[in-house]
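These are the residues of each chain, in order.
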Amino acid sequence: MIKKLILLTVLLGVLGYFGYNLALDYASNRVADQVRHEVLTEEVRNDLLNNPELQAVAEKYGNRELTAEEKDALPFTTAEEATRVLMSKFSLSELYSISSKASGGMTTEEQAELETLLRSRLTDDEIEAIMVIGLSEIKNAF
């Protein structure tokens, strides 16, 4: 009886782990698609590319693949990893709220509030990694 209970617990743990990773991958792909199709208009793209902070990141990493050293220096390099970090630092309702605001267009004040919120919860390295991923997405979208 105890063996069956242990086996059931292990099986549920494994299924839960794979289910969690599958859900994160799905959420990451869905958010990336939503950003590409609803948020990244030509005007938004130009505004983002004119941002001095993004310009600095673009100059640092250029239009090339990241080297192994650069990948090691960043806390994450894929949208899936970024999603995991964001989900660990924000609640699902906060992420949904940010996503819905962004898809409806954000005022300058709302953008400043979002930047303040991100800077309060993420490290500078995490923000830089998100910018690198974002620049890659912008280039892929256009």
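Since the structure is predicted, the reported quantities are computational estimates derived from the model, not experimental observations.

Caption draft 1: Quick peek at the overall build of the chain. For the chain, the count of helices and strands is eight helices and zero strands. The linear arrangement of helices and strands in the chain, starting from the amino end, is α-α-α-α-α-α-α-α. For the chain, the residues scored as buried account for 20% of the 142 residues in total. Sequence separation of 24 or more characterises 78% of the internal contacts of the chain that already satisfy a separation of 6 or more. When the accessible area of the chain is evaluated, it comes to approximately 10,000 Å², of which 60% is carbon and sulfur surface.

Caption draft 2: Examining the side chain of Glu126 more closely. Among the structural elements, Glu126 can be located in helix α8 (residues 124–141). Here Glu126 falls in the buried class, since its relative accessible area comes to 10%. Of note is the side chain of Glu126, whose polar atom sits 2.9 Å from the backbone nitrogen of Thr123. Contacts of Glu126, omitting those with residues within four sequence positions, involve Pro75, Phe76, Val85, Lys89 and Arg121.

Caption draft 3: Representation of the pattern of salt bridges in the model. What the rule picks out here adds up to three salt bridges. In this structure, Glu94 and Arg121 form a salt bridge, with 2.9 Å as the shortest nitrogen-oxygen distance. Separated by 27 residues along the polypeptide, Glu94 in helix α6 (residues 92–103) and Arg121 in helix α7 (residues 108–121) bring together distant segments of the chain. According to the relative accessible area criterion, Glu94 is partly exposed, its value standing at 26%. One salt bridge connects Glu115 with Arg119, and the closest N-O pair in it is separated by 3.2 Å. One end of the pair, Glu115, and the other, Arg119, are both in helix α7, four residues apart, so they sit about a helical turn from each other. Given the relative accessible area of 39%, Glu115 is considered partly exposed.

Caption draft 4: Region of interest: helix α5 (residues 79–89). For α5, the set of buried residues is Ala82, Thr83 and Val85. Buried residues of α5 fall within an arc of 165° about the axis and therefore sit on the same side. Measuring from the side-chain oxygen of the N-cap residue of α5 to the backbone nitrogen of Glu81 gives 3.2 Å; that N-cap residue is Thr78.

Caption draft 5: View of a nonpolar patch on the surface. Nonpolar side chains collect at one region of the surface, where Ile2, Ile6, Val10, Val14, Tyr17 and Phe18 lie side by side and expose about 640 Å² of accessible area between them. Relative to the helices and strands, Val10 is located in helix α1 (residues 2–39).

Caption draft 6: Fine view of the confidence of the model for the chain. Per-residue confidence for the chain gives a mean pLDDT of 79, with 83% of residues at or over 70. The secondary structure element of the chain with the lowest average pLDDT is helix α2 (residues 42–49), at 68, and the one with the highest is α7, at 85.

Caption draft 7: Representation of the nonpolar core in the model. Judged by nonpolar contacts, the single largest core of 15 residues is most densely connected at Val57, Tyr61, Leu66, Leu74, Phe76, Met131 and Val132. Sorting the residues of this core by element identifies α3 (52–61), α5 and α8 as the ones contributing at least two each. With six residues, the top contributor of residues to this core is α8. Apart from the residues within four sequence positions on either side, Phe76 is in contact with Glu81, Ala82, Val85, Glu126, Ala129, Ile130 and Ile133.

Cut-off values and rules
- Residues numbered from 1 in each chain as written.
- Predicted model: local features only at pLDDT ≥ 70, side-chain atom pairs only at ≥ 80, totals over all residues.
- Heavy atoms only, no water.
- Helix = DSSP H or I, 4+ residues; strand = E, 2+ residues; numbered from the N terminus.
- Buried < 20%, exposed > 50% of the residue type's maximum accessible area, 1.4 Å probe, protein only.
- Contact = heavy atoms within 4.5 Å.
- Areas by Shrake-Rupley, 256 points an atom, 1.4 Å probe, with all protein chains shown as cover.
- Polar contact = N/O pair within 3.5 Å; in protein donor to acceptor, adjacent residues only side chain to side chain.
- Salt bridge = Lys/Arg side-chain N within 4 Å of Asp/Glu carboxyl O.
- Arc of directions from axis to C-beta.
- Patch = residues over 30% accessible without salt bridge, like charges linked within 9 Å, V, L, I, M, F, W, Y side chains within 5 Å.
- pLDDT = per-residue confidence, 0-100.
- Core = buried A, V, L, I, M, F, W, Y, C linked by side-chain atoms within 4.5 Å.

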